[in-house]
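Each chain, written out:
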Amino acid sequence: MMIDTHSHILPGIDDGAGDMAEALEFVQEAVSQGVTVIYATPHSCDGVYNCERETICLAWQKLSEAVRKENLDIRIMPGSEIRLNLDLLNLLDAGHLVTLGEGGTF
């Protein structure tokens, strides 16, 4: 089992995959290299790409569905690349941040 814990694979929300077709190309390449799980970790709270929870979760759901439709043998998990900042704990406590696998809930 190979797990990619850091990817910008969600389409159109940060500096990673530009659209769904490109995201699926990235997923297909990962599968060909033996990756079985990818954590989608778009930028959050970095001052440039401030991807919000709802945006990340919606993009993750759409990509996961596209992966299922393509019958790709891989699991896409939610997450985010969170830059340290003074509001980090407040944002986490308020439920605004997406953690890796949402703390084991997925």
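Above this text you will find the structure in question.
All values reported here derive from a predicted model rather than from experimental measurement.

Engineer: What is the right way to read the nonpolar core from this model?
Structural biologist: Taken as a class, soluble globular proteins show a tendency for nonpolar side chains to be buried jointly. Residues L10, V27, I38, L63, V67, I74 and I76 are the most contacted members of the largest nonpolar core, which totals 23 residues. For this core, the elements supplying multiple residues, two or more each, are α1 (20-32), β2 (35-40) and α2 (53-69). When residues of this core are assigned to their parent elements, the largest contribution, 7 residues, is made by α2. The residues touching I76, leaving out its near neighbours within four places in the chain, are V27, I38, A40, W60, L63, S64 and V67.

Engineer: Help me understand the environment of G12 in this model?
Structural biologist: Structurally, the position occupied by G12 is in the loop between β1 (2-7) and α1. Under the relative-accessibility criterion, G12 is labelled exposed at 55%. Separated by 47 residues in the primary sequence, G12 and A59 place their C-alpha atoms 8.5 Å from one another. Ignoring anything within four residues of it in the chain, the contact list for G12 reads A17, G18 and D19.

Engineer: Which parts of the structure should I look at to understand the pairing of β1?
Structural biologist: Each regular strand shows side chains that alternate between the opposite faces of the sheet. The sheet contact formed by β1 and β2 spans 4 bridges and is parallel. Bridging across to β2, S7 finds its partner in A40. In terms of handedness, the path from β1 via α1 over to β2 forms a crossover that is right-handed.

Engineer: It is not clear to me how the environment of M1 should be interpreted in this structure. Could you clarify?
Structural biologist: Among the secondary structure elements, M1 is positioned in the segment before β1. Between the alpha carbons of M1 and A40 there is a distance of 17 Å; along the sequence they are 39 residues apart.

Here is what the cut-offs are and how they apply
- Residues numbered from 1 in each chain as written.
- Predicted model: local features only at pLDDT ≥ 70, side-chain atom pairs only at ≥ 80, totals over all residues.
- Heavy atoms only, no water.
- Core = buried A, V, L, I, M, F, W, Y, C linked by side-chain atoms within 4.5 Å.
- Buried < 20%, exposed > 50% of the residue type's maximum accessible area, 1.4 Å probe, protein only.
- Helix = DSSP H or I, 4+ residues; strand = E, 2+ residues; numbered from the N terminus.
- Contact = heavy atoms within 4.5 Å.
- Pairing = 2+ DSSP bridges.
- Right-handed = clockwise from strand over helix to strand, strands pointing away.

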